[in-house]
Amino acid sequence: MKTDIIFITGDFPSISGESGSEGIYFYDVARHLCEEAGMCIQVVAFRIDGKEYFEEKNGLSVRRFDIPVNDGGHVGLYASDIELMYSHRMYDKAVSALASHAVRIAESCKKNTPAWCHGIETSGAAMEFRKRGYPVVAVAHYLMAQEL
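The numbers attached to residues start from 1 for each chain and follow its sequence in the written order. In keeping with the model being predicted, local features are shown solely for residues with a pLDDT of at least 70 and side-chain atom pairs are shown and tallied solely at 80 or more, while totals for entire chains, interfaces and linings include all residues. To obtain the side-chain values, all non-hydrogen atoms of the structure were used and water was disregarded.

### Concerning the overall build of the chain
Selection criterion: The helix and strand labels rest on DSSP assignments: H or I over at least four residues marks a helix, E over at least two residues marks a strand, and numbering proceeds from the N terminus. Using a 1.4 Å probe on the protein chains alone, a residue whose accessible area is under 20% of its type maximum counts as buried, one over 50% counts as exposed, and one in between counts as partly exposed. Residues count as neighbours in contact if any of their non-hydrogen atoms are within 4.5 Å of one another. To be clear on the numbers: accessible area is Shrake-Rupley with a 1.4 Å probe, and residue cover counts the displayed protein chains and nothing else.
Along the backbone of the chain there are five helices and six strands. The helix and strand sequence of the chain, counted from the amino end, reads β-α-β-β-β-α-α-β-α-β-α. Among the 148 residues that make up the chain, the fraction classed as buried is 45%. Within the chain, counting contacts between residues at least 6 apart in sequence, those at least 24 apart form 56% of the total. Summed over all atoms, the accessible surface of the chain reaches about 8100 Å², with 54% contributed by carbon and sulfur.

### Observations concerning the packing of helix α3 (residues 91-107) against helix α4 (residues 123-131)
As a reminder of what qualifies: Axis definition: a line fitted to C-alpha atoms, limited for helices to the stretch in contact. Angles are taken between N-to-C directions and run from 0 to 180 degrees. Roughly parallel means an angle under 35 degrees; roughly antiparallel, over 145; roughly perpendicular, 65 to 115; everything else is oblique. Should the near helix be turned counterclockwise from the far one by less than a right angle, the crossing is left-handed, whereas a clockwise turn marks it as right-handed.
Contact pair α3 / α4: the axes reach a minimum separation of 7 Å and the direction vectors enclose 40°. Taken together, the axes of α3 and α4 lie oblique to each other. For the pair α3 and α4, the crossing hand works out as right-handed. Between α3, through V95, A99, A102, V103 and A106, and α4, the contact on the second element is made entirely by S123, G124, A125, E128 and F129.

### Considering α3
Put simply, the rule reads: One less than the number of residues in a helix, times 1.5 Å, gives the span that helix is expected to have.
Spanning 17 residues, α3 covers 24 Å between terminal C-alpha atoms, matching the ideal 24 Å at 1.5 Å per step. Within α3 the residues assigned to the buried category are Y91, A94, V95, A97, L98, A99, H101, A102, V103, I105 and A106.

### A look at the pattern of salt bridges
Side chains carrying opposite charge are able to pair once their charged atoms draw close together. For clarity, the threshold we go by: One side-chain nitrogen of Lys or Arg within 4 Å of one carboxyl oxygen of Asp or Glu is enough to make a salt bridge.
Counted under the stated rule, the structure contains nine salt bridges. Ionic pairing is found between E55 and R64, a salt bridge with its closest N-O pair at 2.8 Å. When its relative accessible area of 8% is taken as the criterion, E55 is described as buried. Here K131 ties to E128 by a salt bridge, and the two come within 3.3 Å at their closest N and O atoms. Of this pair, K131 and E128 are both found in helix α4, three residues apart, which corresponds to roughly one turn of the helix. Here K131 falls in the exposed class, since its relative accessible area comes to 63%.

### A closer look at the nonpolar core
Definition in use: Joining through side-chain atoms within 4.5 Å is the link that ties buried Ala, Val, Leu, Ile, Met, Phe, Trp, Tyr and Cys residues into a set, and such a set is a nonpolar core.
Core analysis: the biggest nonpolar cluster contains 21 residues, and I6, I8, V44, F46, A125 and F129 have the highest contact counts within it. When contributions to this core are tallied by element, the ones reaching two or more residues are β1 (5-9), β2 (41-46), α3, β5 (115-118) and α4. Ranked by the residues each element gives to this core, the list is headed by α3, at seven residues. I5, V43, L60 and V62 belong to the second-largest nonpolar core, a separate cluster that totals 13 residues.

### Some words on empty space enclosed by the protein
Put simply, the test is: Computed over the protein atoms alone on a 1 Å grid, cavities are sets of points where a 1.4 Å probe fits but cannot get out and pockets are open sets with protein on both sides within 12 Å along at least five of seven lines; a residue lines them when it has an atom within 4 Å of a point. Grid points are joined across faces, edges and corners, and a volume is the space filled by probe spheres set on the points. Residues were grouped as follows: Ala, Val, Leu, Ile, Met, Phe, Trp, Tyr, Cys and Pro as nonpolar; Asp, Glu, Lys and Arg as charged; and all remaining residues, including Gly, as polar.
Applying the stated criterion across every chain, the model contains one cavity of 30 Å³ or more. Lining the largest cavity, in full, are I15, Y27, R31, C34, E35, K57, N58 and L60. Here the lining of the largest cavity takes four residues from helix α1 (residues 24-35), the largest share from any one element. Among the residues making up the lining of the largest cavity, the classes are represented as four nonpolar, one polar and three charged.

Structural data, given as structure tokens:
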């Protein structure tokens, strides 16, 4: 499958018809670009709340990766996936891992496939893609709240 755009985000809803995840509007954007504009989009995200590692539907494919854990192999007995991603000691490692997965997928696409980085956790991917010459759009949601 050719890829027209790579979407990179921390979390992406299930495309199998289930909901219950943040970012539903981002899914709607991807779905409309695929179904109505005939584009093919690859999404790179973390696997949050037990979602499938891979899903594909109508030109939209989603590849999810586990959030890396700290060097001791655990963060906390009852930490949720979201808490894990945003924990102080894991955030940089998570941002770096998401960027690495996204770059690896981009390298399998045609040269200079545009990337849409959505969320502050995609900052590493945005910088890495730009450094490699990819066109990048970055939407850094909640950055102001993060700074406050």
